[in-house]
Amino acid sequence: MSQALPNGWTQKKLAEIVRFKTGKLDSNAAKPNGKYPFFTCSQKTLRTDTYSFDTECVLLAGNNANGIFPIKYYSGKFDVYQRTYVIRALDNQRLINRYLYYALQIKLDLFRTLSTGATTKFLTLAILNDIDLALPPLTAQRKIAAILSAYDDLIEN
């Protein structure tokens, strides 16, 4: 369903503007005092002694029993569970990852309705690739991300 967008904005499928990767680790790779963050399908960020990624990205759980898919923004060294998506912009001149994080947050209810599975809900690559994302000009993306990030910081404090 297409909606009217502000002047200068476009709408793109995620497949056109991001790259999806997943981790290779099982959840038992978590170490209580590990050196690096370890992102799984849990709301809680665990720790591990290894890292497979050193990047800025959005992390999205690919499965959850209740269809509640944790989403996080991170920049640095980390590792991920095999069913957690590492999502990065294909072109930082078209999409910034921090904006992507906030744009995907408002899609979480949609993800819940589109997910598959009876006992455990899954977000497949086919589902994610077909999601529409409103894409403002970079200056607007930066402003949106800065404002929302400032609110996140206030909430955290």
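Before going into details, it helps to say that this report is about the structure given with it. Computed from a predicted model, the values in this text were never measured in an experiment. (Residues numbered from 1 in each chain as written. Predicted model: local features only at pLDDT ≥ 70, side-chain atom pairs only at ≥ 80, totals over all residues. Heavy atoms only, no water.)

**Structural notes on the overall build of the chain**
The test is simple: Helix and strand definitions here come from DSSP, where helices need a minimum of 4 consecutive H or I residues and strands a minimum of 2 consecutive E residues; each element is numbered from the N-terminal end. Radius of gyration: C-alpha atoms only; globule rule: 2.2 Å multiplied by the number of residues to the exponent 0.38. Burial classification: accessible surface area is computed with a 1.4 Å probe over protein chains only, and a residue below 20% of its type maximum counts as buried, one above 50% as exposed, and the rest as partly exposed. Throughout, a contact is declared for two residues whenever any of their heavy atoms are within 4.5 Å. Accessible areas in this description were obtained via Shrake-Rupley with a 1.4 Å probe; residue shielding takes into account the shown protein chains only. By the counting scheme adopted, Arg and Lys are positive, Glu and Asp are negative, and His together with the chain ends is not counted. In this description, the location of a charge corresponds to atom NZ of lysine, CZ of arginine, CG of aspartate or CD of glutamate.
Broken down by element type, the chain carries five helices and 10 strands. Compactness check: the chain gives a C-alpha radius of gyration of 16 Å against a globular reference of 15 Å for 157 residues, within 12% of the reference. Once the C-alpha set of the chain is aligned to its principal axes, its extents read approximately 50 × 35 × 30 Å. With 157 residues in all, the chain has 41% of them scored as buried. Contacts in the chain between residues far apart in sequence, at least 24 positions, make up 66% of those at least 6 positions apart. Here the chain displays about 8,900 Å² of accessible surface, and carbon together with sulfur accounts for 51% of that area. Counting 20 positive and 13 negative side-chain charges, the chain places the centres of these two groups 2 Å from one another.

**Describing the packing of helix α2 (residues 97-105) against helix α5 (residues 138-156)**
Here is the rule we go by: Helix axes are fitted only over the stretch in contact, all axes being lines through C-alpha atoms; the angle between N-to-C directions runs from 0 to 180 degrees. For classification, angles of less than 35 degrees are called roughly parallel, those exceeding 145 degrees roughly antiparallel, those between 65 and 115 degrees roughly perpendicular, and all remaining angles oblique. Crossing chirality is assigned from the near helix's rotation relative to the far helix, an anticlockwise turn below a right angle marking it left-handed and a clockwise turn marking it right-handed. Residues are grouped as follows: nonpolar covers Ala, Val, Leu, Ile, Met, Phe, Trp, Tyr, Cys and Pro; charged covers Asp, Glu, Lys and Arg; every other residue, Gly included, is treated as polar.
With their axes 9 Å apart at the nearest point, α2 and α5 run at an angle of 70° to one another. Relative to α5, the element α2 is oriented roughly perpendicular. Between α2 and α5 the crossing geometry is left-handed. Two secondary-structure elements touch here, α2 through Arg98, Tyr99, Tyr101 and Tyr102 and α5 through Gln141, Ile144, Ala145, Leu148, Ser149 and Asp152. Looking at the contact of α2 with α5 residue by residue, the class counts come to six nonpolar, two polar and two charged.

**A few points about empty space enclosed by the protein**
The criterion, for reference: Think of a 1 Å grid over just the protein atoms. A cavity is a set of points where a 1.4 Å probe fits yet cannot get out, a pocket is an open set with protein on both sides within 12 Å along at least five of seven lines, and lining residues have an atom within 4 Å of a point. Grid points are joined across faces, edges and corners, and a volume is the space filled by probe spheres set on the points.
According to the stated counting rule, one finds one cavity of 30 Å³ or more in the structure shown. Taken together, Phe39, Thr40, Ser42, Leu59, Leu60, Ala61, Pro70, Ile71, Lys72 and Thr84 form the lining of the largest cavity. Counting residues per element, the ones that place at least two in the lining of the largest cavity are β5 (53-61) and β7 (71-80). With three residues, β5 is the single largest residue contributor to the lining of the largest cavity. Counted by class, the lining of the largest cavity contains six nonpolar, three polar and one charged residues.

**Here's the deal with the pattern of salt bridges**
Condition: The salt bridge definition used is simple: a Lys or Arg side-chain nitrogen within 4 Å of an Asp or Glu carboxyl oxygen.
Using the criterion set out here, one finds three salt bridges in the structure. In this structure, Asp132 and Lys13 form a salt bridge, with 3.0 Å as the shortest nitrogen-oxygen distance. Here Asp132, found in strand β10 (residues 132-135), pairs with Lys13, found in strand β1 (residues 10-13); they are 119 residues apart in sequence, far enough to count as distant. On the accessibility criterion, Asp132 (23% relative accessible area) is partly exposed. Given a relative accessible area of 28%, Lys13 falls into the partly exposed group. Among the ionic contacts, a cluster of salt bridges with common partners joins Lys13, Asp130 and Asp132.

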